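The primary structure of each chain is shown beneath.
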Amino acid sequence: MSYDAKFRVWRGDAEGGELVDYTVEVNEGEVVLDAIHRLQATQLPDLAVRWNCKAGKCGSCSAEINGYPRLMCMTRLNLFEPEDTITVTPMRTFPVLRDLVTDVSYNYEKARQLPSFQPPPGLEPGEYRMQQVDVGRSQEFRKCIECFLCQDVCHVIRDHEDNKKAFAGPRFFIRAAELAMHPLDSRTDRAQIARDQQGIGLCNITKCCTEVCPEHITITDNAIIPMKERIADRHFDPLLALGRRLRRGGRKREGR
Ligand code: SF4
Ligand code: F3S
Ligand code: FES
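Below is a short write-up of the structure. (Residues numbered from 1 in each chain as written. Chains lettered and ligands numbered in written order. Predicted model: local features only at pLDDT ≥ 70, side-chain atom pairs only at ≥ 80, totals over all residues. Heavy atoms only, no water.)

Points about the overall build of the protein
Turning to step 1, where the next piece is worked out: Helix and strand counts for the protein stand at 10 helices and seven strands.
Turning to step 2, where the next piece is worked out: Looking at the protein as a whole, 44% of its 256 residues qualify as buried.
Turning to step 3, where the next piece is worked out: Long-range pairs, those at least 24 residues apart, make up 63% of the contacts in the protein between residues at least 6 apart in sequence.
Turning to step 4, where the next piece is worked out: Put simply, the protein shows about 14000 Å² of open surface, and 50% of that area lies on carbon and sulfur atoms. (Helix = DSSP H or I, 4+ residues; strand = E, 2+ residues; numbered from the N terminus. Buried < 20%, exposed > 50% of the residue type's maximum accessible area, 1.4 Å probe, protein only. Contact = heavy atoms within 4.5 Å. Areas by Shrake-Rupley, 256 points an atom, 1.4 Å probe, with all protein chains shown as cover.)

Quick look at the structure:
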């Protein structure tokens, strides 16, 4: 069955833009990306949209559909009534390049800032051994397709551009947690980095990131909260605190 669907699509660039109404024929079983492609093919050859796999795996087609962050290729049209108008806008947290395409370089910068996996010194490639239980612990974090929908929805940067410098965002908290849980990562300061360099303290556990993740990664409960607990253990454990005080005292006495 085919019918004429009503779409409201954001058109514009970094200078500004507006929502424009279109009607396009769609077929039963199609997804929002199909309709956007048909609009491009039949009415709007200059409509900018990023996509790649059309299978929910490349993470390119992220947008906001009726204000909710989603992958266009995984959003079925039958979620809406045929008489509804479907509004498609670019991700709000990142600067618009054109139409539905945003500049997501903020995320690449945050990725570069996170110290990479560091195997123990002297361990040769081929000698890395892990127990299945350790592989399993962080398995779900490796399902991330880098769609950045979690980054888009997080109010810490969505509503406060000035927080971007200090805050890495949920996608990179799961990366930090994955490395912290890796038995062969020799960096012992992952929690410290999450606190001082990634700004995890700004996260107030709203769980919106977990809600929108198309890979159903339990970002908040399985990554962010354990990282926050590690930070709390490090800073508020009375024995560790005593150790820190004694070390500081020793340095003072030695005049360092
Ligand atoms: Fe996308 Fe989920 Fe990865 Fe965030 S954690 S970038 S929402 S796949
Ligand atoms: Fe943001 Fe997720 Fe925390 S949406 S506030 S990172 S729980
Ligand atoms: Fe690849 Fe949508 S086109 S995730």
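That was the structure; now back to the text.
Comments concerning the site of ligand 2
Turning to step 1, where the next piece is worked out: Residues in contact with ligand 2, as listed here, are Cys154, His155, Pro170, Cys203, Asn204, Ile205, Thr206, Lys207, Cys208, Cys209, Thr220 and Ile224.
Turning to step 2, where the next piece is worked out: Contributions of two or more residues to the shell around ligand 2 are made by helix 8 (208-212) and helix 9 (219-236).
Turning to step 3, where the next piece is worked out: Its residues assigned to classes, the shell around ligand 2 comprises seven nonpolar, four polar and one charged. (Near = heavy atom within 4 Å. Nonpolar A, V, L, I, M, F, W, Y, C, P; charged D, E, K, R; others polar.)

A closer look at the site of ligand 1
Turning to step 1, where the next piece is worked out: Around ligand 1 lies a shell formed by Cys144, Ile145, Glu146, Cys147, Phe148, Cys150, Arg171, Ile174, Cys213, Pro214, Ile217 and Ile219.
Turning to step 2, where the next piece is worked out: Here the shell around ligand 1 is built from residues that sort into 10 nonpolar, no polar and two charged.

What to know about the environment of Gln197
Turning to step 1, where the next piece is worked out: By the element assignment, Gln197 lies in the loop between helix 7 (190-196) and helix 8.
Turning to step 2, where the next piece is worked out: As for Gln197 and Pro82, which are separated by 115 residues in sequence, their C-alpha atoms are 48 Å apart.
Turning to step 3, where the next piece is worked out: For Gln197, the contacting residues outside a window of four places in its chain are Ala166 and Gln192.

Thoughts on the side chain of Arg11
Turning to step 1, where the next piece is worked out: Among the secondary structure elements, Arg11 is positioned in strand 1 (residues 2-13).
Turning to step 2, where the next piece is worked out: By relative accessible area, Arg11 is classed as buried at 14%.
Turning to step 3, where the next piece is worked out: Of the polar contacts made by the side chain of Arg11, one reaches the side chain of Asp99; its length is 3.2 Å.
Turning to step 4, where the next piece is worked out: When neighbours within four sequence positions are excluded, Arg11 is seen to be in contact with Gly17, Glu18, Val20, Tyr22, Leu44, Asp46, Leu47 and Asp99. (Polar contact = N/O pair within 3.5 Å; in protein donor to acceptor, adjacent residues only side chain to side chain.)

A look at the pairing of strand 4 (residues 68-71)
It is a general feature of regular strands that their side chains alternate between the two faces of the sheet.
Turning to step 1, where the next piece is worked out: Only one face of strand 4 is buried, namely the one carrying Pro69 and Leu71, since none of Tyr68 and Arg70 on the opposite face is buried.
Turning to step 2, where the next piece is worked out: Relative to strand 4, strand 3 (residues 62-65) is paired through four bridges, and the arrangement is antiparallel. Considered in strand 4, the bridge of Ser62 is made with Leu71.
Turning to step 3, where the next piece is worked out: Between strand 3 and the antiparallel strand that follows it, strand 4, lie two residues; Asn66 among them carries a positive phi value of about 50 degrees. (Pairing = 2+ DSSP bridges.)

What to know about the nonpolar core
Turning to step 1, where the next piece is worked out: Judged by nonpolar contacts, the single largest core of 63 residues is most densely connected at Phe7, Val32, Ile36, Met72 and Val88.
Turning to step 2, where the next piece is worked out: In terms of residue count, the dominant contributor to this core is helix 6 (residues 170-180) (six residues).
Turning to step 3, where the next piece is worked out: Once you skip the residues sitting within four places of it in the chain, Val88 turns out to touch Phe7, Arg8, Val9, Trp10, Val32, Ile36, Ala63, Glu64, Met72 and Leu100. (Core = buried A, V, L, I, M, F, W, Y, C linked by side-chain atoms within 4.5 Å.)

Thoughts on the pattern of salt bridges
Turning to step 1, where the next piece is worked out: In the structure shown here, the tally under the stated rule is 19 salt bridges.
Turning to step 2, where the next piece is worked out: Of the charged contacts, one joins Asp21 and Arg8 as a salt bridge, the two residues approaching to 2.6 Å between their closest N and O atoms. Taken together, the residues Asp21 in strand 2 (residues 16-27) and Arg8 in strand 1 connect sequence positions 13 residues apart.
Turning to step 3, where the next piece is worked out: Using a relative accessible area of 31% as the deciding quantity, one classes Arg8 as partly exposed.
Turning to step 4, where the next piece is worked out: As a salt-bridge pair, Asp46 and Arg11 come within 3.3 Å of each other at their nearest N and O atoms. Here the residue Asp46 occupies a position in the loop between helix 1 (32-42) and strand 3, and Arg11 occupies one in strand 1, the gap between them amounting to 35 residues.
Turning to step 5, where the next piece is worked out: Exposure remark for Asp46: the relative accessible area of 43% places this residue in the partly exposed category. (Salt bridge = Lys/Arg side-chain N within 4 Å of Asp/Glu carboxyl O.)

Structural notes on the environment of Pro183
Turning to step 1, where the next piece is worked out: Note on placement: Pro183 falls in the loop between helix 6 and helix 7.
Turning to step 2, where the next piece is worked out: We classify Pro183 as partly exposed; its relative accessible area is 41%.

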